[in-house]
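Take a look at the letters that make up each chain.
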Amino acid sequence: MKNILGLMFFTALISTAASAELVLGGVSTANYSGTSVPLLNTANIQVEGGNQAVGFVGAGLRTRFTVAKVYVAQLFTSDPSKFVRSQEGMQALDSLDAVKTVVFQLTFLRNVDANTIKVAFDDSLSANGVNVSEPAIQQFLAAVDSGGPAINGKTFTFVTVKGVADTLYYEGTSGVVAKISGPGLARKITSIWLGKLSNGDAGLEKLKQQIISGGN
């Protein structure tokens, strides 16, 4: 089963306005356990004319109150061999510092309004010591708020590319893509799922464990 996503970039959050296209494609041979969400065991991403193969690292189920299924998260990177599958401290998150391209795709299993998602991301970023008032994070949270609500069966996609200033490409259900740049932005965004937990969130803790173990 092929899963091809064609997107056009949103220029309002880009310091230099530009038109570009992002394509995330992959091949699935199985669904995530107990859901209809296809797992992409191979994937390819095209960003602004560049082509990057990314490999599957792991997947996990995000729940709330232990029983409410929210989304399935899948993690891909440009070099899966560098990912450290350790539940100790921040070793897994730290290992992504050595990887150029990181992709998170969230496939939702229920409808959730955009503001609720934005607040949850804000809480996770704050729990990881991220200054949510800095411009790049404010742009990210604004993009989440304006990017449309989560819809059952639809995806949110996050692509971070490291450089002199890291770049994040984010697409919600609106079909609009935001491009945001900032120092250390890649690690800050990935800490939402692989960093410190906010308020002892058991659902997020289980998701993190499953992703690190490569779980399904």
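Preceding block: the structure.
Residues numbered from 1 in each chain as written. Predicted model: local features only at pLDDT ≥ 70, side-chain atom pairs only at ≥ 80, totals over all residues. Heavy atoms only, no water.

Caption draft 1: The pairing of strand β4 (residues 50–64), seen in detail. In terms of strand pairing, strand β3 (residues 38–47) meets β4 through 6 bridges, oriented antiparallel. Paired with asparagine 44 across the bridge in β4 is alanine 53. Both β4 and strand β5 (residues 68–77) contribute to a ladder of 9 bridges, which runs antiparallel. By the bridge assignment, glycine 58 is partnered in β5 with leucine 75. The turn joining β4 and β5, which pair antiparallel and follow one another in sequence, is formed by 3 residues; a positive phi near 55° is taken by phenylalanine 65. (Pairing = 2+ DSSP bridges. Helix = DSSP H or I, 4+ residues; strand = E, 2+ residues; numbered from the N terminus.)

Caption draft 2: Up close: the packing of helix α4 (residues 185–194) against helix α5 (residues 202–213). Viewed as axis vectors pointing N to C, α4 and α5 meet at an angle of 105°, and their least axial separation amounts to 8 Å. The angle between the axes of α4 and α5 places the two elements in the roughly perpendicular class. Contacts from Ile192, Trp193 and Leu194 in α4 reach Leu204, Leu207, Lys208, Ile211 and Ile212 in α5. When its residues are assigned to classes, the contact of α4 with α5 shows 7 nonpolar, no polar and 1 charged. (Axes fitted to C-alpha atoms, helices over the stretch in contact; angles between N-to-C directions. Parallel < 35°, antiparallel > 145°, perpendicular 65-115°, else oblique. Contact = heavy atoms within 4.5 Å. Nonpolar A, V, L, I, M, F, W, Y, C, P; charged D, E, K, R; others polar.)

Caption draft 3: Spotlight on the pairing of strand β9 (residues 176–182). Burial runs high along β9: 5 of the 7 residues are buried. By the bridge criterion, 6 bridges tie strand β8 (residues 166–171) to β9 in an arrangement that is antiparallel. Looking at β9, one finds that threonine 167 is bridged to serine 181. As consecutive antiparallel partners, β8 and β9 are separated by 4 residues, and within that stretch glycine 175 has a phi angle of approximately 80°, a positive value. (Buried < 20%, exposed > 50% of the residue type's maximum accessible area, 1.4 Å probe, protein only.)

Caption draft 4: Structural context of the packing of helix α3 (residues 135–146) against α4. At a minimum axis distance of 11 Å, the contact between α3 and α4 shows a crossing angle of 45°. In this view, α3 runs oblique relative to α4, as classed from their interaxial angle. The handedness of the crossing between α3 and α4 comes out as right-handed. For the pair α3 and α4, contact is made by Ala136, Ile137 and Phe140 and by Leu185, Lys188, Ile189 and Ile192, respectively. Residue composition of the contact of α3 with α4, by class: 6 nonpolar, no polar and 1 charged. (Left-handed = near helix turned anticlockwise from the far one by under 90°.)

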